[in-house]
Amino acid sequence: MAIDLFRLPKAELHLHIEGTLEPETVMELADANGVRLPYPDEDALRAAYSFRDLQEFLDLYYSAMATLLTADDFHLMASRYYATAAAQGVKHAEIFCDPQAHVGRGVRFEEMLAGLTQAVADAERDHGITGGIIACILRDQPVESAHAIYDQVLAHRDSFIGIGLDSAERPFPPELFTDVFTRAGRDGFKRVAHAGEEGPASFIWTALDTLGVDRIDHGVRAAEDEELIGRLAASDIALTVCPLSNVALKGVPDLEHHPLLGLLERGVKVMINSDDPAYFGGYVGDNFLAMRVAGMTDAQAIRLAHNSIAGSFASAERKAALHAEIDAAS
Ligand SMILES: Nc1ncnc2[nH]cnc12
Ligand SMILES: [Zn+2]
């Protein structure tokens with residue numbers, strides 16, 4: 001009998017918490033906060049969840065997050081994510097947030113952080129989900145802004161696991177942010193970066209070699225570069241792949257032609273994540289189910305789940321316990 005993919009224990013390592021805003025939550029927060037949106041109702045908003053590319057998605061993503069004002073709003077959003085994630089087998093989650101996108105529209109950094117850190121603590125108490133928060137730098141904002149937001153992250157050192165790099169990829173190569181990532185490395189933060197989502201495989205090389213990242217987010221365009229596949233397979237660098245996202249943003253034509261399973265078979269440490277699940281058609285368990293329809297075997301699903309634990313920043317003890325949970329469930 002096929003394994004229950006929702007009950008398969010897994011880690012989620014590529015999840016933008018602002019990308020979990022379902023249309024009903026956006027409308028609820030807009031009403032509560034008196035924020036005017038260019039959509040009359042939930043259905044009209046949902047109808048807009050169809051994208052030609054990354055930028056078109058980002059435009060909607062940034063406009064919907066304008067409904068987040070108070071710590072309670074951030075807490076509500078994240079708590080809803082954790083409840084759904086728990087029901088889909090997530091045991092450990094390293095969630096992204098985009099502080100510049102909130103501070104830039106007048107929300108205090110501490111307001112955002114209070115809501116998110118409370119939700120992280122609640123998730124462990126209520127669902128047994130471990131993990132934490134990775135603050136992403138917006139690569140389409142000036143480098144000075146990256147340093148300024150990093151100063152705030154550093155001032156709240158204990159609330160963050162690490163720093164990341166996201167937003168519009170193609171005109172903004174990783175090396176623009178070498179200095180701020182060097183600072184973060186010296187300060188002992190883990191470092192991750194989106195690379196090879198829409199941008200070329202060369203961005204994966206520079207994320208590794210100039211930013212010193214511990215993990216690559218997406219990285220699917222590594223499949224176009226044989227030398228890079230060899231390098232990744234020989235390393236411990238994991239790729240946090242997001243299948244439904246790549247189809248929704250037209251990076252790959254369909255899941256049958258997605259490079260995930262090919263990279264897995266080449267020995268690259270890939271795993272399945274949801275990216276922005278409210279926008280792309282499903283949470284991490286839904287991504288597993290969709291990949292099964294596209295040909296993923298149970299044995300591959302189990303390897304992907306183990307890779308998600310191995311690629312996480314959890315402690316060695318936590319990792320051992322979660323690997324054992326996967327073995328028990330499979
Ligand atoms: N898929 C994605 N790529 C880059 N930046 C993002 N921010 C939220 N989702 C993103
Ligand atoms: Zn992402």
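Residues numbered from 1 in each chain as written. Chains lettered and ligands numbered in written order. Predicted model: local features only at pLDDT ≥ 70, side-chain atom pairs only at ≥ 80, totals over all residues.

1. Looking at the overall build of the protein
What the protein contains, in helices and strands, is 16 helices and eight strands. Against the globule reference of 20 Å for 330 residues, the protein gives a C-alpha radius of gyration of 18 Å, in line with a compact fold. Considering only C-alpha atoms, the protein reaches an extent of 50 × 45 × 40 Å along its principal axes. By the burial criterion, 51% of the 330 residues in the protein qualify as buried. Sequence-distant contacts, at least 24 apart, represent 76% of the contacts inside the protein between residues at least 6 apart. (Helix = DSSP H or I, 4+ residues; strand = E, 2+ residues; numbered from the N terminus. Rg over C-alpha atoms; globule rule 2.2 N^0.38 Å. Buried ≥ 20, exposed ≤ 12 C-beta atoms within 10 Å, placed from the backbone. Contact = placed C-beta atoms within 7 Å.)

2. What about the nonpolar core?
Ranked by internal contacts, the top residues of the largest apolar core, which has 102 residues, are Ile17, Cys97, Leu116, Ile137, Ala207 and Val270. Dropping the residues within four chain positions of it, isoleucine 17 is found in contact with Met77, Ala78, Tyr81, Ile95, Phe96, Cys97 and Leu116. (Core = buried A, V, L, I, M, F, W, Y, C linked by C-beta atoms within 7 Å.)

3. Description of the environment of valine 26
Structurally, the position occupied by valine 26 is in helix H1 (residues 23-33). The class of valine 26 is buried, set by 25 C-beta atoms lying within 10 Å. In this structure, the C-alpha to C-alpha distance between valine 26 and leucine 37, residues eleven residues apart in sequence, is 9.3 Å. In this view, valine 26 contacts Leu21, Leu45, Ala64 and Thr67; residues no more than four positions away in its chain are not counted.

4. Comments concerning the UniProt feature "site: Important for catalytic activity" (unreviewed entry) in the protein
Under the present numbering, the feature "site: Important for catalytic activity" (unreviewed entry) in UniProt falls on His218. Following the sequence through the fold, histidine 218 ends up in strand S6 (residues 215-218). With sequence-adjacent residues up to four places away left out, histidine 218 is seen in contact with His194, Ala195, Gly196, Glu197, Val241 and Cys242. (UniProt positions renumbered as here; feature names shortened; annotations may be inferred.)

5. A few points about the UniProt feature "binding site: Zn(2+)" (unreviewed entry) in the protein
Taken from the UniProt record, the annotation "binding site: Zn(2+)" (unreviewed entry) applies to His14, His16, His194 and Asp275. On the basis of their most widely separated C-alpha atoms, the annotated residues across 262 residues gather in one place, lying no more than 11.7 Å apart. With respect to the secondary-structure elements, histidine 16 resides in the loop between strand S1 (10-12) and H1. For histidine 16, a count of 25 C-beta atoms within 10 Å translates into the label buried. Secondary-structure assignment places histidine 194 in strand S5 (residues 190-195). By the C-beta count within 10 Å, which is 28 here, histidine 194 ends up buried.

6. With respect to the packing of helix H7 (residues 143-155) against helix H8 (residues 178-186)
The interhelical angle for the contact between H7 and H8, taken along N-to-C directions, is 20°, at an axis separation of 9 Å. By the angle between their directions, the pair H7 and H8 is classed as roughly parallel. Considering how the two elements wind past one another, H7 and H8 form a crossing that is right-handed. Between H7 and H8, the contacting residues are Ala146, His147 and Tyr150 on the first element and Val180, Arg183 and Ala184 on the second. (Axes fitted to C-alpha atoms, helices over the stretch in contact; angles between N-to-C directions. Parallel < 35°, antiparallel > 145°, perpendicular 65-115°, else oblique. Left-handed = near helix turned anticlockwise from the far one by under 90°.)

7. Remarks on helix H15 (residues 298-310)
Compared with an ideal rise of 1.5 Å per residue, which puts 13 residues at 18 Å, H15 spans 18 Å between its outermost C-alpha atoms and is within 8% of the ideal. Along H15, the residues that are buried comprise Ala301, Leu304, Ala305, His306, Asn307, Ser308 and Ile309. (Expected span 1.5 Å × (residues − 1).)

8. Things to note about unusual backbone geometry
The phi torsion of most residues other than glycine is negative, and most of the peptide bonds are trans. For serine 167, which is not glycine, the phi torsion reads 80° and is therefore positive. Secondary-structure assignment places serine 167 in the loop between strand S4 (162-166) and H8. For histidine 218, which is not a glycine, the phi torsion comes out positive at approximately 75°.

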